[in-house]
Amino acid sequence: MQLNQTGRILIAGRSKSYVIRHLPVVSFPQIPMPIQEAMSGRGCLIPQTYEAHQPENVVHGSFERAGSSDWAVLCSTHGAVSLLVFFGSDPQHPFTLASAQETERLQAHDPTGVLGFNWGIDAASPRQVHDAQAGMTRRPPLVAHDAVADSIVEHSTEYHYYSNGAWTLLPTPN
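Scoring rules and cut-offs
Residue positions are counted from 1 within each chain, in the order its sequence is given. In keeping with the model being predicted, local features are shown solely for residues with a pLDDT of at least 70 and side-chain atom pairs are shown and tallied solely at 80 or more, while totals for entire chains, interfaces and linings include all residues. Side-chain measures were taken over the full set of non-hydrogen atoms in the model, leaving aside hydrogen atoms and water. Two rings from Phe, Tyr or Trp (for Trp, the six-membered ring) form a pair when their centres are within 6.5 Å of each other. A pair whose planes differ by under 30 degrees is stacked, one over 60 is edge-to-face, and the rest are tilted. Segments assigned H or I by DSSP are reported as helices when at least four residues long, segments assigned E as strands when at least two residues long, and all are numbered from the N terminus. Working rule: Lys NZ or Arg CZ, within 6 Å of ring centre, within 35 degrees of ring normal, means a charge sits over the ring. Any two strands with at least two DSSP-identified bridges between them are counted as paired.

Draft legend 1. Quick look at the packing of aromatic side chains. Taken as a whole, this structure holds six aromatic pairs when the rule is applied. Seen from their ring centres, Phe95 and Tyr162 are 5.6 Å apart, and the 55 degrees between their planes marks the pair as tilted. Taken as a pair, Phe95 in strand 7 (residues 95-101) and Tyr162 in strand 12 (residues 156-163) lie far apart in primary sequence, 67 residues in all. A connected cluster of aromatic rings, assembled from ring pairs, spans Phe87, Phe95, Tyr162 and Trp167. Over the face of the ring belonging to Trp119 we find Arg105, whose NZ or CZ atom lies 3.8 Å from the ring centre.

Draft legend 2. Spotlight on the pairing of strand 12. Bridge count between strand 11 (residues 147-152) and strand 12: five bridges; the pairing is antiparallel. Along strand 12, the bridge assignment pairs Asp150 with Glu158. Taking the residues that link successive antiparallel strands as the turn, the strand 12-strand 13 (residues 166-169) hairpin has two residues, and the phi of Asn164 there is positive, at about 55 degrees.

So, in structure tokens, the structure goes:
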């Protein structure tokens with residue numbers, strides 16, 4: 001199992017080097033065993049952003065409803081990465097909220113020009129979501145539970161929210 005993927009990619013006609021660091025599922029012992037087993041069965045490695053200083057891209061929150069115990073992860077297999085959400089009520093059947101090739105999630109981040117992985121996730125509390133909605137003409141009321149914050153490092157964040165049996169993107173300015 002290779003944890004660091006390196007290579008070159010063409011961007012605007014120029015060849016650029018990249019490095020994507022991964023961590024195995026066992027690096028996250030806080031994940032409940034049924035979810036670890038489901039992730040391992042998929043062959044998941046957890047990609048780390050270029051700015052990571054500690055393990056990231058595995059988050060715990062109440063994504064199904066207030067008080068639920070759920071997990072969101074970035075799962076990388078064979079060069080593709082997916083944002084998966086595991087509800088505590090059904091840890092064997094995660095939702096896939098987004099997917100991309102890892103090489104589509106690269107950006108320059110230091111003077112060397114080497115590209116790094118730029119996709120990060122977090123749990124966003126109702127207050128954090130509400131704060132992100134500041135500046136909207138008609139700011140929505142507080143949501144009832146956590147959302148999954150899906151970010152491109154140093155650029156933008158979307159908020160995935162589960163309600164009434166479906167996932168939606170919450171409105172934010174821009």
